[in-house]
Amino acid sequence: MKEFILIFRNSTNPHDNPSQEQLQERMNWMGGIAARNRLADKGNRLSAGNAKTIRPGNVVTDGPYTEIKEYISGYMIVKTATIEEAIELARNNPILKDGGNIEVRAILGPEEGDHRP
Amino acid sequence: MTSINTSDPGFLPHLFRLEYARMTAVLFRHFGLQHIEIAEDIVSETFLKAAETWNTNGVPENPSAWLYTVAKNKAKDYLKRHHLFETKIRHAVAPDETQAAQEFDFSQQTIADSQLAMIFAVCNPANSTEAQICLALQILCGFSVEEMADAFLAKTETVKKRLQRARATLREDNFRIQQPDAATIQSRLDTVLRTLYLLFNEGYYSQSGNHLIRKDLCSEAMRLALILTENPLTATTQAHALLALMCFQSSRFEARSSATGDTILFEQQDQELWNKELIARGNYYLVQACSGDTLSKYQLEAGIAWWHTVPSDPQKWEHILQLYNELILIEYSPMTALNRTFAYARVYGNRAGIEEATQLQLEGNSYYHALLGYLYAATDVPAAVAHYTRAIRLTKSAAEKKTLSGEISRLQGLQH
């Protein structure tokens, strides 16, 4: 099994007053992955409000974004045999219905080189 | 003769088992784990004497007190004869314990303290979980090797070997049986809770057909969990949650199997047979378990078990599903995955449930096929029968085979 991180991106803040249904849908999705024994780390949600960006020259700005409209709203790690299987798991995440997207990236081991499979 | 029904054929084995656990716990504390056999010999001899004496003279007024007196005398005799106390034990026990060692006090408090100490001695992480369970059953609950083999569907030789290894580890570990201190409790409580949890599950879900032994496993696990909740050092929210879970589960013990030993599924159970007192006690412990802010698997499982005691609430299965979602994030197990899928099907329908189930990749698991059989039953009888047939082939439980065969006949009857 290899580990893949799923990075959730969104242009609206999904942690801002989610409905009961939305919460339930997200939990069901994550529970389904855990039920397949494919969850390596349930990860965390990331705040959009309590966020700063630090740049060279001691420039600190509010928010996680300045130029881009999208920001990372959370992440989790799955363990699957291939990246295709990880994509398959991500495909049913409700974030995709709200205009968000999910980036899937293989996690590299300390000695592992980076290459396309 | 006493007012308890001593003519009940189960009376003596039950009394012996209970008192075995109490007496060995007290004696172990005095002799130390290095001399486990001495304590066991004394207790065995005590029972032998009881069996002989009671056979001719009848069972005494207070059988437990009778046993304690005999055990106490035998222990004192032993020390006198072998001077063991002088040569070996005195150096092994701290000065403040020597006085107690001579007393051989079998009071309620000493028994409870000794048993608590023994629980922590037995649940030694140096041993495998299986070994800890066997050891707990033998040392804390007085089970015989045969009874354990029966409960685990294992060969007696296997159980014996497991025990020998485990006892060797304990001896080498040199663990001092005393009132466990806060640090020991801290480091071992997780292991202790886990062992008791598995001990209970062995009884509750065991595929062994021996109903009596299974019930004893459950009540022993509850007795030990109760000891944990009664001591301020071990009465954590998790310990309370575990005991609550056990109360809720065992409240259905009578309702879940028929007079002929068949399994009765949850939905077909006569709710009048649920033990209301155990449910009430479960509620009490669950409240005690909810005061902390950490959510352990025991709290979640107790929560799920609580929902099962609530007959009808439109939101019931949604709550159960959410608890299973949380539970499976904490710890994956095939059984949790399957139970979660069952709850999922109850909320979103059988078709969605089937889709969810087939993702689980548990082809070799009998419950997986039993679940799919159940989910297919209303819409696709041939598929249901095929899954039930595979479940029958995979399960070791005779009761389970019988129940599933019954379902197949019922479905095939509907077709014609």
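Residues numbered from 1 in each chain as written. Chains lettered and ligands numbered in written order. Predicted model: local features only at pLDDT ≥ 70, side-chain atom pairs only at ≥ 80, totals over all residues. Heavy atoms only, no water.

Draft legend 1. The arrangement of the overall build of chain A in detail. When helices and strands are tallied, chain A shows two helices and six strands. Beginning at the N terminus, the succession of helices and strands in chain A can be written as β-α-β-β-β-β-α-β. Of all 117 residues assigned to chain A, the portion counted as buried reaches 35%. For chain A, the computed accessible surface area is about 7,500 Å², with 50% contributed by carbon and sulfur atoms. Positive and negative side-chain charges in chain A, numbering 15 and 16 respectively, have mean positions lying 2 Å apart. (Helix = DSSP H or I, 4+ residues; strand = E, 2+ residues; numbered from the N terminus. Buried < 20%, exposed > 50% of the residue type's maximum accessible area, 1.4 Å probe, protein only. Areas by Shrake-Rupley, 256 points an atom, 1.4 Å probe, with all protein chains shown as cover. Lys, Arg positive; Asp, Glu negative; His and termini not counted. Charge placed at Lys NZ, Arg CZ, Asp CG, Glu CD.)

Draft legend 2. Spatial organisation of the overall build of chain B. What chain B contains, in helices and strands, is 20 helices and zero strands. Expressed as a percentage of its 416 residues, the buried residues of chain B come to 53%. Considering only contacts within chain B whose residues lie at least 6 apart along the sequence, 66% involve residues at least 24 apart. When the accessible surface of chain B is split by element, carbon and sulfur atoms take 52% of a total near 19,700 Å². (Contact = heavy atoms within 4.5 Å.)

Draft legend 3. View of helix 10 (residues 182-205) of chain B. Taking 1.5 Å per residue as the helical rise, helix 10 of chain B with its 24 residues ought to reach 34 Å, and the 33 Å between its terminal C-alpha atoms agrees with that figure. The largest bend in helix 10 of chain B comes to about 50 degrees, at R188 of chain B. (Expected span 1.5 Å × (residues − 1). Bend = angle between axes of the 7 residues up to and from the residue.)

Draft legend 4. Local environment of the pattern of salt bridges. Residue and element names in this part refer to chain B. One pass over the full model with this rule turns up 18 salt bridges over all chains. Between R167 and E40 there is a salt bridge, with the nearest N and O atoms lying 2.5 Å from each other. Of this pair, R167 sits in helix 9 (residues 156-173) while E40 is found in helix 2 (residues 36-57), placing the two residues 127 residues apart along the sequence. For the residue pair R167 and E40, the accessibility class agrees, reading buried in each case. Taken together, the shared-partner salt bridges in this structure form one network comprising R194, K297, E301 and E331. (Salt bridge = Lys/Arg side-chain N within 4 Å of Asp/Glu carboxyl O.)

Draft legend 5. Structural context of the interface of chain B and chain A. Taken together, the 16 residues of chain B in the interface contact 13 residues of chain A. Both faces considered, chain B and chain A share a buried interface measuring about 1,300 Å² in area, 54% of it formed by carbon and sulfur atoms. For the pair chain B and chain A, the number of links is zero salt bridges. Inspection of the chain B/chain A interface yields six residue pairs in polar contact (both at pLDDT 80 or more). Of all elements in the fold, only helix 15 (316-330) and helix 16 (334-348) of chain B reach the threshold of two or more residues within the side of chain B that touches chain A. (Buried area = accessible area lost by both parts, 1.4 Å probe. Polar contact = N/O pair within 3.5 Å; in protein donor to acceptor, adjacent residues only side chain to side chain.)

Draft legend 6. How the structure looks around the state of the cysteines. Residue and element names in this part refer to chain B. One pass over the structure, following the stated rule, counts zero disulfides over all chains. Free of any disulfide, C134 has its nearest neighbouring cysteine sulfur in C141, separated by 11 Å. Take C134: its relative accessible area is 0%, and that puts it in the buried class. (Disulfide = S-S within 2.5 Å.)

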